[in-house]
Amino acid sequence: MKKVGIIGVGEYLPEKILTNADLEKMVDTSDEWITTRTGIKERHQAAKGEAASDLAFKAAEEALKNAKLKAEDLDLIVVATITGDMPCPSVASILQNKLGAKGAACFDISAACAGFVYGISVAQQFVASATYKNALVVGVEVLTSVTDWQDRNTCVLFGDGAGAVVLSEVKNRGIISTYLGCDGSKLGLLNIPAGGSANPASTETVRNRQHFIKMQGNELFKIAVNTMTRAAEIVLEQAGMTFADVDIIIPHQANARIIMAVAKKLGIPEGRVYLNIERCGNMSSASTVTALCEAVREGRVKKGDIVLLDAFGAGLVWGACVIEW
Ligand code: COA
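Rules used throughout
- Residues numbered from 1 in each chain as written.
- Predicted model: local features only at pLDDT ≥ 70, side-chain atom pairs only at ≥ 80, totals over all residues.
- Heavy atoms only, no water.
- Core = buried A, V, L, I, M, F, W, Y, C linked by side-chain atoms within 4.5 Å.
- Buried < 20%, exposed > 50% of the residue type's maximum accessible area, 1.4 Å probe, protein only.
- Helix = DSSP H or I, 4+ residues; strand = E, 2+ residues; numbered from the N terminus.
- Domains from an automatic or database assignment.
- Contact = heavy atoms within 4.5 Å.
- Near = heavy atom within 4 Å.
- Polar contact = N/O pair within 3.5 Å; in protein donor to acceptor, adjacent residues only side chain to side chain.
- Areas by Shrake-Rupley, 256 points an atom, 1.4 Å probe, with all protein chains shown as cover.
- Pairing = 2+ DSSP bridges.
- Right-handed = clockwise from strand over helix to strand, strands pointing away.
- Axes fitted to C-alpha atoms, helices over the stretch in contact; angles between N-to-C directions.
- Parallel < 35°, antiparallel > 145°, perpendicular 65-115°, else oblique.
- Left-handed = near helix turned anticlockwise from the far one by under 90°.
- Nonpolar A, V, L, I, M, F, W, Y, C, P; charged D, E, K, R; others polar.

Draft legend 1. Layout of the nonpolar core. Ranked by internal contacts, the top residues of the largest apolar core, which has 45 residues, are L236, L266, I268, L308, F312 and V322. Of all the secondary-structure elements, those providing two or more residues to this core are α8 (217–239), α9 (256–266), β12 (306–313) and β13 (317–324). Examining the composition of this core, we find that ten residues originate from one element, α8, more than from any other. Summarising the domain contributions, this core has at least three residues from each of domain 1 (4–172) and domain 2 (176–324). If we skip the residues at most four places from it in the chain, L236 touches M241, T242, F243, V246, L308 and V322.

Encoded structure:
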């Protein structure tokens, strides 16, 4: 098996910024509540008509440039998303056409906030086995398109964005270990009830606001902390490492309080935790990858560093990954 690592990164956040002050005018909330309960100050919002593939395209172009590759060099495109341009075809197919990555195999992955970790875990297998040489993995969401702007419990949390990485053979250890999991029995805690085959779109589903994200945040909080902690422990154990070996943890950004509780349980100091939730909110599949790309660009991740990715979301799904940069 070949050693596989990330050879290029790129991210894109839409221009429009929605602040907590903007939300104060839309629902009964306050900057103080949102900041203290979640750590979010602002989030980006895609423009009208700006679809997931448009965000993905900009992030992918950047990642290819960073990897010094051309779109034609890609032979696999995997897109993690729950807010694709349309139910069919995949964002990956649409992105392939926009990039001009002719001939690349394309599919989407639906694993919500753990989508990017699922994505690199799957794509890594293809590159490790030499089935494909260069794989593009994108995490992208336009969550504001499925946000209920009348529901203060959820509308203050979500944002839009995209991050992309190129996977290829590397000389160091690259992706050392990945761990994925799911507990399908708790899917009622976080979902979008209508718009699929179980509950197709109708005037009734629209009237009942069933095309928007429904979340029982309070019940998820403790599960998120415990699951992310356990996932990090398992993936490091698989890698033959301890938390002392981790230079930076880049977690899914659902809530700053969740992230800090996980870091505390793991004994990882605050300075080794990367956060972009204050500026971006929760971008589901796009959160972990965007944070990773930013951390690399800012020099927070350096060659030889051990990076721990850790994510949890709707499904309920989770995933963690250890990478030598
Ligand atoms: N502004 C002001 N008050 C709000 C509010 C808002 N935007 N949203 C909820 N509230 C109110 C509630 O109505 C409730 O009022 P009550 O006590 O009078 O009933 C009170 O604030 C507390 O609500 P609660 O849901 O218990 O808050 P919380 O501290 O749990 O924070 C979340 C809510 C969603 C931020 C938090 O639970 C969370 O982050 N959960 C985990 C999310 C997660 O991990 N999801 C999976 C990955 S995406």
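The rest of the description comes next.
Draft legend 2. Molecular detail of the site of the ligand. In the vicinity of the ligand lie 25 residues, with T29, R37, R152, N218 and N255 positioned nearest. In the environment of the ligand, an oxygen atom lies 2.6 Å from a nitrogen or oxygen atom belonging to the side chain of N218. Here the ligand loses 75% of its free accessible area of 970 Å² to cover by the protein chains. At the level of secondary structure, the elements contributing two or more residues to the shell around the ligand comprise α2 (31–38), α6 (152–155), α8, α9 and β12.

Draft legend 3. Representation of the pairing of strand β5 (residues 105–109) in the model. Pairing of strand β4 (residues 76–80) with β5, which is carried by five bridges, proceeds in the parallel orientation. Each residue of the ladder has a partner; that of I77, found in β5, is C106. With helix α4 (residues 91–99) bridging β4 and the parallel β5, this β-α-β connection has right-handed handedness.

Draft legend 4. The arrangement of the side chain of E11 in detail. Take E11: it is sitting in strand β1 (residues 4–12). The buried category is assigned to E11, whose relative accessible area is 16%. If near-sequence neighbours (up to four positions away) are discounted, E11 is found in contact with A59, E62, A162, G163, T290, C293, E294 and R297.

Draft legend 5. Seen up close, the packing of α8 against α9. For the pair α8 and α9, interaxial distance at closest approach is 9 Å and the crossing angle is 40°. Relative to α9, α8 is oriented oblique. For the pair α8 and α9, the crossing hand works out as right-handed. Within the contact between the two elements, α8 uses F221, A224, V225, N226, M228, T229, A232 and E233 and α9 uses R257, I258, A261, V262, K265 and L266. Across the contact of α8 with α9, the residue classes break down as nine nonpolar, two polar and three charged.

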